[in-house]
Amino acid sequence: MEQYELVIIGGGPAGLAAAVAARQAGVRDILILERDRELGGILNQCIHNGFGLHTFREELTGPEYAQRFIRQVQDLEIPYKLGTMVLSLDKEKTITAMNPEDGLFQLRPKAVILAMGCRERPRGALNIPGTRPAGIYTAGTAQRLVNMEGYLPGRECVILGSGDIGLIMARRMTLEGAHVPVVAELMPYSGGLKRNIVQCLDDFGIPLKLSHTVVDIRGRERLEGVTLARVENGRPVPGTEEYYPCDTLLLSCGLIPENELTREAGAVINPVTNGPAVNDALETSIPGVFAAGNVLHVHDLVDYVSQEAAAAGRSAAQYIQQGEPALEAALPVRCYGGVRYTVPSAIRHQSLRSEDVTIRFRVDNVYQNKTIVLRAGSEIVLRRKKAVLAPGEMETVTWKAGALPEGITEIRLGLEEA
């Protein structure tokens, strides 16, 4: 049983930023566990630009952004193990892992940061009828094949789902010489950033069909074509079917936080985000276990992942240095009026007395001319007008605590008429 002060599970952007922040906060004994053959996580296959505008005030590609943090980890001499699969985590913070060099081993750190990221929703979770031919990929798998392995999945490519990866792959496949006749989206709005719709679809003349989905797949050995239909009230509308001959179907239908370890440890899971429920220190229901990045909730910008992970690193450092604090009640954060979820879902009383508090959230639909309202009991502590809010873009509110009324039992965040 090896002893560490802090073990970080995941060597992607969240894990790297958390490690750097924890070291800068005074934690000397840190270990990063990464299952891939290199640090950087998903950023290694995101060769497009647009990263780092908030963090570094310049536009970087995904690998460039990752390398900035990898260099910091190396300069700070933070150790890491690659090719290492974490098998289990329990409530006592015992980690069981394995790799080819060390075999099966266990760690017992004082604190753990979960930074495992997320995975894509596969075809099996989408209930798409039809045969099971070759040529159907998740968008992230196709991105890795094109950008890292040097393979082009196909020449005629339909994309289902308008998440950011699907939008970016529409552009990438076009630049590689493939033809993308359509991007279909089940919802009446896109799940991606507005800038990606403009730069990846509009600039290349690729149509986006909202409220459409795949209702049939043709082909036995290899995909031959798909049929799209318009959707109303969750059901395909008869007579609206359109057939698209193609040899490739890319699925960009949502991301799922990688929380098998979190559930096994017994942490409370937020049913909306499918990530752990955390307080404002980004601490889960297990004392000393923190979470950040896409394992906590799916982000739209990696800059926000880094900011959040750095906060988790500082919280873990404080936990290690001060010892396990006495359990303190926290005020729940409730959603209303179109806010789908918040992170954190509870705020400690000590933070309300002494610190600025940041809440990230997403809405459940497209809204125009609304006011974001934060209420502490019956008192309004923050109001901010917003012209447009969309599910594809995460929102952030920060307010200075310390002036809240006594005796409040909850905090509420919602949308109201401007």
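Residues numbered from 1 in each chain as written. Predicted model: local features only at pLDDT ≥ 70, side-chain atom pairs only at ≥ 80, totals over all residues. Heavy atoms only, no water.

**Examining the overall build of the chain**
Line of reasoning, step 1. What the chain contains, in helices and strands, is eight helices and 26 strands.
Line of reasoning, step 2. Structurally, the chain occupies a C-alpha span of about 65 × 60 × 40 Å along its principal axes.
Line of reasoning, step 3. A total of 418 residues make up the chain; the buried ones form 53% of that total.
Line of reasoning, step 4. For the chain, contacts bridging at least 24 residues in sequence account for 62% of all contacts bridging at least 6.
Line of reasoning, step 5. Carbon and sulfur atoms provide 48% of the accessible area of the chain, an area that totals close to 18500 Å².
Line of reasoning, step 6. Considering the chain, the positive charge centre built from 44 side chains and the negative charge centre built from 50 side chains are found 3 Å apart. (Helix = DSSP H or I, 4+ residues; strand = E, 2+ residues; numbered from the N terminus. Buried < 20%, exposed > 50% of the residue type's maximum accessible area, 1.4 Å probe, protein only. Contact = heavy atoms within 4.5 Å. Areas by Shrake-Rupley, 256 points an atom, 1.4 Å probe, with all protein chains shown as cover. Lys, Arg positive; Asp, Glu negative; His and termini not counted. Charge placed at Lys NZ, Arg CZ, Asp CG, Glu CD.)

**What about unusual backbone geometry?**
Line of reasoning, step 1. The amide bond that connects Val343 to the next residue, Pro344, takes the cis arrangement and shows omega of 10°.
Line of reasoning, step 2. Structurally, the position occupied by Pro344 is in the loop between strand 20 (339-343) and strand 21 (346-348).
Line of reasoning, step 3. In the Ramachandran plot, Asn127 falls in the positive-phi region, its phi being about 55° despite a non-glycine side chain.

**A look at the environment of Gly130**
Line of reasoning, step 1. Looking at the element boundaries, Gly130 is found in the loop between strand 7 (118-120) and strand 8 (136-138).
Line of reasoning, step 2. Every residue in contact with Gly130, bar those within four places of it in the chain, is listed here: Arg123, Asp216 and Ile217.

**Description of a nonpolar patch on the surface**
Line of reasoning, step 1. Taken together, the side chains of Met85, Leu87, Met98 and Leu104 present a nonpolar region at the surface, about 380 Å² in accessible area.
Line of reasoning, step 2. Structurally, the position occupied by Met85 is in strand 4 (residues 85-89). (Patch = residues over 30% accessible without salt bridge, like charges linked within 9 Å, V, L, I, M, F, W, Y side chains within 5 Å. Salt bridge = Lys/Arg side-chain N within 4 Å of Asp/Glu carboxyl O.)

**Quick look at the environment of Arg263**
Line of reasoning, step 1. When you line up the elements, Arg263 lands in helix 6 (residues 260-265).
Line of reasoning, step 2. Once the C-alpha coordinates of Arg263 and Asp90 are considered, the two residues, 173 residues apart in sequence, prove to be 9.5 Å apart.

**With respect to the packing of aromatic side chains**
Line of reasoning, step 1. All chains considered together, the criterion is met by four aromatic pairs.
Line of reasoning, step 2. Aromatic side chains Phe56 and Tyr65 sit 5.5 Å apart centroid to centroid with 70° between the ring planes, which places their arrangement in the edge-to-face category.
Line of reasoning, step 3. For Tyr65, a relative accessible area of 0% translates into the label buried.
Line of reasoning, step 4. Centre to centre, the rings of Tyr65 and Phe69 are 5.5 Å apart; their planes meet at 45°, and the pair counts as tilted. You can see Tyr65 and its partner Phe69 sitting in helix 2 (residues 62-75), four residues apart, about one turn around the helix. Across this residue pair, the class does not change: Tyr65 and Phe69 are buried.
Line of reasoning, step 5. Each member of the aromatic cluster is reached from another via a ring pair, and the members are Phe56, Tyr65 and Phe69.
Line of reasoning, step 6. Looking at Lys81, its charged tip hangs above the ring of Phe105, at a distance of 5.6 Å from the centre.
Line of reasoning, step 7. Arg412 extends its terminal NZ or CZ atom over the ring of Tyr336, reaching a point 4.3 Å from the ring centre. (Phe/Tyr/Trp six-rings, centres within 6.5 Å; stacked < 30°, edge-to-face > 60°. Lys NZ or Arg CZ within 6 Å of the ring centre and 35° of its normal.)

**A few points about the pairing of strand 1 (residues 2-9)**
Line of reasoning, step 1. Note: strand 1 against strand 6 (residues 103-114), seven bridges, orientation parallel. In the strand pairing of strand 6, Val7 is matched with Val112.
Line of reasoning, step 2. Bridging between strand 1 and strand 2 (residues 30-33) involves four bridges; their strand directions are parallel. By the bridge assignment, Ile8 is partnered in strand 2 with Ile32.
Line of reasoning, step 3. In the classification by handedness, the crossover that spans strand 1, the intervening helix 1 (residues 13-24) and the parallel strand 2 is right-handed. (Pairing = 2+ DSSP bridges. Right-handed = clockwise from strand over helix to strand, strands pointing away.)

**Quick word on the pattern of salt bridges**
Line of reasoning, step 1. Across all of its chains, the model carries 15 salt bridges by this definition.
Line of reasoning, step 2. Its salt-bridge partner being Asp102, residue Lys81 comes within 3.0 Å of it at the nearest N-O pair. Within this pair, whereas Lys81 is found in strand 3 (residues 80-81), its partner Asp102 is found in the loop between strand 5 (95-99) and strand 6, the two being separated by 21 residues in sequence.
Line of reasoning, step 3. With its nearest N and O atoms 3.1 Å apart, the salt bridge here joins Glu260 to Arg119. Here Glu260 is found in helix 6, whereas its partner Arg119 is found in strand 7, with 141 residues between them in sequence.
Line of reasoning, step 4. Linked through salt bridges whose partners overlap, the residues forming this network are Arg35, Arg119, Glu258 and Glu260.

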